[in-house]
Amino acid sequence: MAAGFCANCSRLLKEFAAYLRTVCREFEQKIRDVFRELCQCTCFRRSTPERSFLRRTTQELASLHLLRDAETRLLSQESLQALNRLSTSENTDLQMTAAVFYLHLSHHLKSPLPEAFMEPVMALLLSADLDVQKTISLSLVNLLVKNHVCKELVIEMGMLFPILELFQSGDATAQCHSCACVIMLASSESNREAVLVDGVIPLLALAKSYDPQVQQNATWALLHLTQSDWSTRILCQAGAIPVLVLLLQSSDSEVQFYSCTALCNIAAVQENHPKLLSVGGHFLLKSLVTLMSSSVQKNSTQACRCLQSLSKNVVIQEQLMELDCVLPLKALLKTSSPESAITLLSVLSAHSANNDVLVSEGLLDEIGQLLHHHRSSSVIITRSCKIITDLCSSCMGQQAVVESLCVSGLLWALLSPALSDETLLHVTSHLHHLTTWDSLKSNLSVTMTSEQVSRLVKLSGQTQNPQLSYNSAAIISKLEMTEEMVQLLRPHYITMMNYLLVFLKKKDVKFQHLGMVTVFNLKKDGDFSSLLANSELEVQLRKVHAQTEETRRLLQMIQPLSPSSVNP
C-alpha cells in the first residue's frame, strides 16, 4: 500500500482492491466465452498483427495461471504494437479487446507496467465508446491501487482531462471509476494542484449525486484534497464547505465519515472558522452534535474532534451547550474510545459559565466511572484531572466530587505501572489541589487504601523527579490522622522520616516548610513522636529552628526606614 496513508485509508484501499478482484473474476468466464467464439470466426484465418495478438491473448486467457506465466510475452514489443493498433482503431470492438486485455493485465500483473504501455491507455480513455472508457478506467484504478503505474506520469500524459470528462457522462459506473482515479492521483502531493485546478467543481457536483457509490467516491476524493492548507483554501473558495456540511446528513455512513473528516481538516485552520460557521442557523454545529449520537463509532468520534477544533471560541461553546451536547458526550464516554469526548468536555469545563450545567448533568459520575475503567490511559486521566478541578470551583461541584468515584479513581490511577511521570504529576498535583477543600480532604482520607498510601510514600521518597516527590508528600501532609489512617501510615514511618530528613536538608524553603508541616501532622500519633525523639530527623529540625531564629533576629535588626526619612 502507498506510503503516507492513514490506517483507515489503507483499509479502504485494500477493500477497494478486493472489490476490483471480485469484479474481474466475474468478467473472467464471460471473456473466455467471447474469445472462444472469436477464435472460431473466419476473421482469424487471415494473419494480421491484431488478429495474431487476439488469437494469442485468447489462448493465454484460457487459464489464469498461463496468464501469470506469460507476463513477459504479454508485455513484449509485439504486444505493444498490437495494443497501439487496437486502441487507435475506429472499431469499438477492437478497442474493447484492448481495454479488456488491460483489465486482466491490471488484475494479475506482478510488476510495474512499462511506460510504453501507457500510450494505448490514453487512447482508450479518449474512445467515443463509454463501455471502453469504463473498462480502461477500471484498469487504471487497479494499476494505481497496486502502484504499478506512476501517478505523476498519468498527470504528465494528460490523462486527467479524459478522466474528469467521465464525470459528465451521466453513467454511475463511469463516474465511480473516474472518482477512484482522482482519489488515487490526489494521494500524491505533487498531483494535487493539477487535480484541484480542474477537478474541484466536477467533484462537488458529483458529491451531490443521488447514486450512493458516486457520492461516496466523490466525497472521498474531496477528503484527499484537504490534506494541505493550500488545497483546503482552494476548496473553501470553490464552495466546498456547504456541500460537505450537507453531506453530514447523508444516509451513507461512509459519506458521513469522509465529509466529517474533511471538515475536521478544514477546521484545523483557524481562519476557516468564519466560513464554517456562516452556514445559517448553526446548521454545522447541529449536524455535528447529531452525528455524535451515530451508532457508527468512527463517525461519532470524528464529529467530536471537529467540534473540539471549533470550540476554542467561547461563543461556540455557549451554542453547543444550548444544543444539549452534554448528553451525547456522556454516551461517548461509555464507548471503547472515549478520548475525543473527554477532550471536548475538558475544553467546555474550562469556561466557568458551563460548569453548573456540566455538574447538574451528572458529568462527574461519568468521569468517576471512566477513571475506574481506564486506569492506564494518560489522555483520559489527564483530561479527567482537569475537568474535576474545573468543576470543583463551586460548592455544588465539590459535593458532586464527594458523591462520585472521582477521588477513588484518581487514587487507583496512582497504582498503574503504565503511567509516565508526567501523568503522575498531573494526578498528584490535582489530588493535592483537592485537599485544599475540607470536604474533599475528608473524602480523600476515608477513601485511601493501604496500597495507595504505600504508593504515595514511595513517590515521595524517589529523587529523580523532585516535583512529583513534593506533590506526593504534600498529599500525605494533608491526611486527617484518624484511627484508620494512622493504621495505614504506621508501617511507613521509618521511610517517611528518611524523605522528610532529605526535605529539611534542602535549600529550597518550599521543601523545608512541607517537611515541618508533615512532622507536625504525624506527631498527632504517639508512635511517631516516640520514633522522632532523639532521631536524626529531630536533630535536623533543631538546626532548621536555629537557622530560622537567626534569620528572624537579623530581620529584627534591620529596621525599615520610616516614610518621613525616605521622603524628607
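Only a predicted model underlies this, so the values are computations on that prediction, with no experimental measurement involved.

Conventions and cut-offs
- Residues numbered from 1 in each chain as written.
- Predicted model: local features only at pLDDT ≥ 70, side-chain atom pairs only at ≥ 80, totals over all residues.
- Heavy atoms only, no water.
- Helix = DSSP H or I, 4+ residues; strand = E, 2+ residues; numbered from the N terminus.
- Buried < 20%, exposed > 50% of the residue type's maximum accessible area, 1.4 Å probe, protein only.
- Contact = heavy atoms within 4.5 Å.
- Areas by Shrake-Rupley, 256 points an atom, 1.4 Å probe, with all protein chains shown as cover.
- Axes fitted to C-alpha atoms, helices over the stretch in contact; angles between N-to-C directions.
- Parallel < 35°, antiparallel > 145°, perpendicular 65-115°, else oblique.
- Left-handed = near helix turned anticlockwise from the far one by under 90°.
- Nonpolar A, V, L, I, M, F, W, Y, C, P; charged D, E, K, R; others polar.
- Patch = residues over 30% accessible without salt bridge, like charges linked within 9 Å, V, L, I, M, F, W, Y side chains within 5 Å.
- Salt bridge = Lys/Arg side-chain N within 4 Å of Asp/Glu carboxyl O.
- Phe/Tyr/Trp six-rings, centres within 6.5 Å; stacked < 30°, edge-to-face > 60°.
- Lys NZ or Arg CZ within 6 Å of the ring centre and 35° of its normal.

## A few points about the overall build of the protein chain
Phase 1 of the analysis: Broken down by element type, the protein chain carries 37 helices and 0 strands.
Phase 2 of the analysis: For the protein chain, buried positions account for 53% of its 568 residues.
Phase 3 of the analysis: Counting contacts in the protein chain only where the partners sit at least 6 residues apart, residues at least 24 apart contribute 70% of the total.
Phase 4 of the analysis: Of the roughly 26,100 Å² of accessible surface on the protein chain, a fraction of 54% belongs to carbon and sulfur atoms.

## A look at the packing of helix α25 (residues 378-391) against helix α28 (residues 421-434)
Phase 1 of the analysis: As a packed pair, α25 and α28 sit with axes 10 Å apart at the nearest point and diverge in direction by 20 degrees. Regarding the angle of α25 to α28, the classification is roughly parallel. Note that α25 runs across α28; the crossing there is left-handed. Between α25 and α28, the residues in contact are Ser378, Ile381, Thr382, Cys385, Lys386, Ile388 and Thr389 and Thr423, His426, Val427, His430, His433 and Leu434, respectively.
Phase 2 of the analysis: Residue composition of the contact of α25 with α28, by class: 5 nonpolar, 7 polar and 1 charged.

## Considering the environment of Pro202
Phase 1 of the analysis: Structurally, the position occupied by Pro202 is in helix α12 (residues 192-206).
Phase 2 of the analysis: A relative accessible area of 16% places Pro202 in the buried class.
Phase 3 of the analysis: On a C-alpha basis, the gap between Pro202 and Cys179 in space is 9.9 Å, while along the polypeptide they are 23 residues apart.
Phase 4 of the analysis: With near-sequence residues (within four places) excluded, Pro202 lies in contact with Phe167 and Gln168.

## Topic: a nonpolar patch on the surface
Phase 1 of the analysis: On the surface, Leu554, Met557 and Ile558 cluster together into a nonpolar patch covering about 320 Å² of accessible area.
Phase 2 of the analysis: Along the chain, Ile558 falls in the loop between α36 (536-557) and α37 (563-566).
Phase 3 of the analysis: Look at Ile558 and you get exposed, because its relative accessible area is 60%.

## Let's talk about the pattern of salt bridges
Phase 1 of the analysis: Scanning the model with the defined rule gives 9 salt bridges in all.
Phase 2 of the analysis: Between Lys134 and Asp171 there is a salt bridge; the shortest N-O distance is 3.4 Å. Remark: Asp171 occurs in the loop between α10 (160-165) and α11 (172-186) and Lys134 occurs in helix α8 (residues 130-145); sequence separation between them is 37 residues. Taken individually, Lys134 and Asp171 each receive the classification buried, so the pair is uniform in this respect.
Phase 3 of the analysis: The salt bridge partner of Glu254 is Lys298, with a shortest N-O separation of 2.9 Å. Residue Glu254 is located in helix α16 (residues 253-267), and its partner Lys298 is located in helix α19 (residues 297-310); the two are separated by 44 residues in the primary sequence.
Phase 4 of the analysis: Since its relative accessible area comes to 17%, Glu254 is described here as buried.
Phase 5 of the analysis: Ionic contacts of the salt-bridge type, sharing partners, join the residues Asp131, Lys134 and Asp171 into one network.

## Some thoughts on the environment of Asn217
Phase 1 of the analysis: Within the fold, Asn217 resides in helix α13 (residues 212-224).
Phase 2 of the analysis: Spatially, the C-alpha atom of Asn217 lies 8.6 Å from that of His177, the residues being 40 residues apart in sequence.
Phase 3 of the analysis: Beyond its immediate stretch of four places on either side in the chain, Asn217 contacts Cys176, Cys179 and Ile183.

## Structural notes on the packing of aromatic side chains
Phase 1 of the analysis: Tallied over the full model, the rule gives 7 aromatic pairs.
Phase 2 of the analysis: With centroids separated by 5.2 Å and ring planes inclined at 75 degrees, the aromatic side chains of Tyr493 and Phe528 adopt a geometry described as edge-to-face. Of the two residues, Tyr493 sits in helix α33 (residues 493-505) while Phe528 sits in helix α35 (residues 526-532), which places them 35 residues apart along the sequence. Pair check on accessibility: Tyr493 and Phe528 agree, each one buried.
Phase 3 of the analysis: An aromatic cluster is present here, built from Tyr470, Tyr499, Phe503 and Phe511 joined pairwise through their rings.
Phase 4 of the analysis: Over the ring of Phe257 we find Lys298; its NZ or CZ atom is 4.6 Å from the centre of that ring.
Phase 5 of the analysis: The cationic tip of Lys510 hangs over the ring face of Tyr470; the distance from NZ or CZ to the ring centre is 4.6 Å.

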